[in-house]
Each structure stands twice: as C-alpha cells, then as structure tokens.
Amino acid sequence: MNTLFMHCRSGFEGEVCSEIAEHAARLNVAGYAKAKPASACAEFVCTEEDGAERLMRGQRFAELIFPRQWARGTFIELPETDRISVILANMAAFPTCGSLWLEVVDTNDGKELSNFCKKFEGPLRKALIGAGKLVDDPHKPRLLLTFKSGREVFLGLAQADNSAMWPMGIPRLKFPREAPSRSTLKLEEAWHHFIPRDQWDERLHSDMTGVDLGAAPGGWTWQLVNRGMLVTAIDNGPMAESLMDTGLVQHLMADGFTFKPKQPVDWMVCDIVEKPARNAAMLEEWIGEGHCREAVVNLKLPMKQRYAEVKRLLERIAEGFKARGIKVEIGCKQLYHDREEVTCHLRRLDTKKPKSR
C-alpha cells in the first residue's frame, strides 16, 4: 500500500500534487506526485512500502488545502463478474475495518458509476462482514473503495478521524429555499469544516453579532440570521427583503474594504470578488485590530501558481499576527462549494467576548 490517492476539484490536480509533495518532503517520505488534468484526483507514489502510512500519520488531513479526501492503498483490476472475490483476495493483508465507503471521482464519468456503487455496496458489505474484514467500530480504519470504472478500483485505508467527514469530501447540504442565493452553502460548509459540531451552540448562537462584507443579496447573511445573530450587512447593492423583514439585519450602503464596526463583533464574513492579497490584508486587519473574534473569508485564486499564492498569503497573515503578538487559529480549505477560490477561517484566541447586544 505505497500509493496515496486523493480526490479534488477538477482542474486543481496540479495544486494537490504541489501541496502533497511539499508535505512528503517535510516528512522525509520519498516518492513522486502525479495526476491527469481534469481527472479530479491525484496520486503520490511512495518508493518505500510504508511511505503512504507515514505521510498520513505525520499530516493532519484537515490542514490540507486542496485535497478533498485521501486514502493509502493500491489499484486493482476487476473482472466483469465475481468482483467481490477479487476484492477480498486483495484484502488479505488489510486489517479489520470499522466502516466502509464506496466513492467515485467527481467527474461526469464518475457520476455515471454512482448507481453501480449503490447496487454493489450491499453485497460487498455482507461479504466483508462474513470474511471478518468489516465491523462497526469508528476507532478502526475506514475502508475506502474509489471506483475509476467498473473494472478498476483503488482499494484504500484511512483513519476516520484523519480523513474527510463525508464520502469524496462532498457534504450533503440541502439548499434552504428561504436563502437569497446558493452562495449560502459556502458558509454553511465552512462552519461544518472548521467548527466541531459540538461547539456550534457555543460559537454560533443568538446572542452574537456579525458583519457581512459584500453581503448582497444576502446568502451569507442568511446563515448568520438563521443562527439568530444580529447582522450588519455592508454592500452598495440591495439586500433580499425577506432578510430585512426579520428585524435582525441592518443594511449599510458602504465600501466593504473601508467599513469598520464601532464595537467589536463576534463574526465577520466576506465573499467579495477581489484580488486575494487585498482580501487577506483585510482579514488580518479585522482579526488583528480586534474588530471580530472569528472570520470566514474567501480568497479568489489567480490562474497560475495557485498553491504557491495561497501559501504565501497564509504565511504573510501568520507573520502579521506574530508581529502583533496575538494568537490566532488559522485554517484554509478549498471547499466543495468553492470554485476558483479557497475559504479561510480565523479565530482569535486571546480576546474577550464582545458585549452582548
């Protein structure tokens, strides 16, 4: 099992290769990254048998930016019939697993395999249980089968607490009909990714205040309001009347880059389409000056050297906080609902809670 297989957004295979190769070098794991353009996946082939395991053990998946999912294992060819016997035979050296996910790559060809996987999962699960290779235990490794076709599958393992929260890294979020735009799902996914679910009541509650920069028509504002927060929406464009009718939104027609709150707020969110360096500088200022305690901001990516640019901006932000002498938790991920962008989450750890409204 010397191959690390990773899912990603189609078109970002090169970013995954650059990122994982950098972490492999840091961990002294020898090997090389490879990917086909628009394949929505990438591989890191290790030259040592335990290389992929050491790479996964030394790197937290949640801290990776561009991979959506990962697993260590190997590709196997499958016959037209009796695929299960071949899979079981290739699992002879595998440990007993605690869960099973069948995945496909996020391409049109991959989506066509989804029905096959749904039909195949039941018989496979039954066979794995019968062979003693699958039990219900979240502490044991997860078995991930990624089907490239009905005849080729990646047979992989990952720790449930060090891999994606959803199959293929794709959350099953339902678009709320009351929300003014589909962009609302970006912020909801960000909360799922960056905030442990058991902390939502503590960090996303109705006594809090928030600012949405570039808010119109209100997709991100809707998420804040849905948690009962009092929101200041900053945009020269119109906000959805349904949000204004809640009584929880104050709409100010102003420039999102120059606006500053009179009192510190709990949350600042921003999905302004602007050069990433400008959004990153604004994010550092809001957290650094204590205008907010937590923030979610999207950084639009350049056409080339996207991983290098994101890394440079994150390093600049971290250096800025170090110079200020403040402690800040920084996270960054290309979420499923992102496109040519990444989502950053920052949480200031050394500030008092803003006064309740």
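Residues numbered from 1 in each chain as written. Predicted model: local features only at pLDDT ≥ 70, side-chain atom pairs only at ≥ 80, totals over all residues. Heavy atoms only, no water.

Trainee: Sorry, what's going on with the UniProt feature "domain: Ribosomal RNA large subunit methyltransferase M THUMP-like" (unreviewed entry) in the protein chain here?
Mentor: Listed under "domain: Ribosomal RNA large subunit methyltransferase M THUMP-like" (unreviewed entry) in the UniProt record, and renumbered for this structure, are residues 82-157. Helix and strand shares over residues 82-157 are 39% and 26% respectively, and the end C-alpha atoms of the span are 22 Å apart. (UniProt positions renumbered as here; feature names shortened; annotations may be inferred. Helix = DSSP H or I, 4+ residues; strand = E, 2+ residues; numbered from the N terminus.)

Trainee: What is the right way to look at helix α8 (residues 219-226) in this model?
Mentor: Because the α-helix completes a turn every 3.6 residues, residues three or four places apart line up on one side. A large share of α8 lies buried, amounting to 7 of its 8 residues. Of the positions making up α8, those classed as buried are Gly 219, Trp 220, Thr 221, Trp 222, Gln 223, Leu 224 and Val 225. The positive-phi residue at the C-terminal boundary of α8 is Gly 228, with phi of around 85°. (Buried < 20%, exposed > 50% of the residue type's maximum accessible area, 1.4 Å probe, protein only.)

Trainee: Looking at this structure, how should I read unusual backbone geometry?
Mentor: Along the chain, Ala 216 connects to Pro 217 via a cis peptide bond; the corresponding omega equals 0°. By the element assignment, Pro 217 lies in the loop between β8 (209-213) and α8. Its identity is not glycine, yet Asn 28 carries a phi of approximately 60°, on the positive side. Considering the arrangement of structural elements, one finds Asn 28 in the loop between α1 (13-26) and β2 (31-34). For Ala 40, which is not glycine, the phi dihedral falls at a positive 60°. One can find Ala 40 in the loop between β2 and β3 (41-46).

Trainee: Even after reading the chapter, I still don't get the layout of surface pockets, so can you show me in this structure?
Mentor: Where empty space is left can be seen by rolling a probe of water-molecule size over the atoms. Reported here for the largest pocket is a volume of approximately 940 Å³. Residue lining of the largest pocket: 43 residues in total, with Ala 62, Glu 63, His 193, Phe 194 and Gly 331 positioned closest to the centre. Contributions of two or more residues to the lining of the largest pocket are made by α1, α6 (184-194), α11 (306-324), β13 (328-333) and β14 (341-348). Partitioning the lining of the largest pocket into residue classes produces 16 nonpolar, 12 polar and 15 charged. (1 Å grid on protein atoms, 1.4 Å probe; cavity = no way out; pocket = protein on both sides within 12 Å on 5 of 7 lines; lining within 4 Å. Points joined across faces, edges and corners; volume = space filled by probe spheres on them. Nonpolar A, V, L, I, M, F, W, Y, C, P; charged D, E, K, R; others polar.)

Trainee: Would you explain the state of the cysteines in this entry?
Mentor: The final tally for this structure, using the stated rule, is 0 disulfides. Cysteine Cys 8 shares no disulfide, and the gap to the nearest cysteine sulfur, in Cys 41, comes to 6.8 Å. Owing to a relative accessible area of 1%, Cys 8 belongs among the buried residues under this scheme. The structure places no disulfide on Cys 46, whose sulfur is separated from the nearest cysteine sulfur, that of Cys 17, by 13 Å. Among the residues examined, Cys 46 registers a relative accessible area of 2% and is labelled buried. (Disulfide = S-S within 2.5 Å.)

Trainee: Is there a simple way to think about the sheet that holds β2 in this case?
Mentor: Two strands in a sheet stick together by hydrogen bonds in their backbones, pointing the same way (parallel) or opposite ways (antiparallel). Judged by pairing direction, the sheet is mixed, and its 7 strands sit side by side in the order β2-β3-β1-β4-β7-β6-β5 without closing on themselves. Two strands bound the open sheet, and with one partner strand each, they are β2 and β5 (99-104). Adjacent strand axes in the sheet meet at a mean angle of 30°, parallel and antiparallel pairs treated alike. In the sheet, strand β6 (residues 142-149) pairs with strand β7 (residues 152-158) via 7 bridges, with the strands oriented antiparallel. Counted as the bridge partner of Leu 143 is Leu 157 from β7. Where α1 meets the sheet, its contacts fall on β1 (3-7), β2, β3 and β4 (69-77), and the angle it forms with β3 comes to roughly 30°. Helix-sheet contacts for helix α3 (residues 83-90) involve β4, β6 and β7, and the interaxial angle to β4 is about 115°. (Pairing = 2+ DSSP bridges. Axes fitted to C-alpha atoms, helices over the stretch in contact; angles between N-to-C directions. Contact = heavy atoms within 4.5 Å.)

Trainee: For this particular structure, what's the right way to read the sheet that holds strand β12 (residues 292-300)?
Mentor: Across the sheet, which stays open at both edges, the 7 strands sit in the order β10-β9-β8-β11-β12-β14-β13 with mixed pairing between neighbours. Edge positions in the sheet fall to β10 (249-252) and β13, since each has one partner strand and no second. Pairs of neighbouring strands in the sheet enclose a mean axial angle of 15°, with direction left out of account. Helix-sheet contacts for α6 involve β11 (265-270), β12, β13 and β14, and the interaxial angle to β12 is about 120°. The strands that helix α10 (residues 276-288) touches are β8, β11, β12, β13 and β14; relative to β12, the one it contacts most, it runs at about 175°.

Trainee: What is the right way to look at the UniProt feature "domain: Ribosomal RNA methyltransferase FtsJ" (unreviewed entry) in the protein chain in this model?
Mentor: Mapped onto this structure's residue numbering, the UniProt feature "domain: Ribosomal RNA methyltransferase FtsJ" (unreviewed entry) falls at residues 181-274. The annotated region residues 181-274 carries 29% helix and 21% strand content, and the separation between its end C-alpha atoms amounts to 19 Å.

Trainee: It is not clear to me how the pairing of β2 should be interpreted in this structure. Could you clarify?
Mentor: Strand residues, when the strand is regular, have side chains that alternate between the two faces of the sheet. When β2 meets β3, the two strands line up antiparallel, connected through 4 bridges. Counted as the bridge partner of Gly 31 is Cys 46 from β3. Following β2, the chain reverses through 6 residues before pairing antiparallel with β3; Ala 38 in that reversal takes a positive phi of roughly 60°.

Trainee: Is there a simple way to explain the pattern of salt bridges in this structure?
Mentor: Two side chains with opposite charge may pair up if their charged atoms get near one another. Scanning the entire structure with this criterion turns up 22 salt bridges. Glu 15 is the salt-bridge partner of Arg 306, the closest N and O atoms lying 3.2 Å from each other. Pair noted here: Arg 306 is in helix α11 and Glu 15 is in helix α1, with a separation of 291 residues, a long-range link. Residue Arg 306 is classed as buried on the basis of its relative accessible area, which comes to 10%. By relative accessible area, Glu 15 is classed as buried at 10%. (Salt bridge = Lys/Arg side-chain N within 4 Å of Asp/Glu carboxyl O.)

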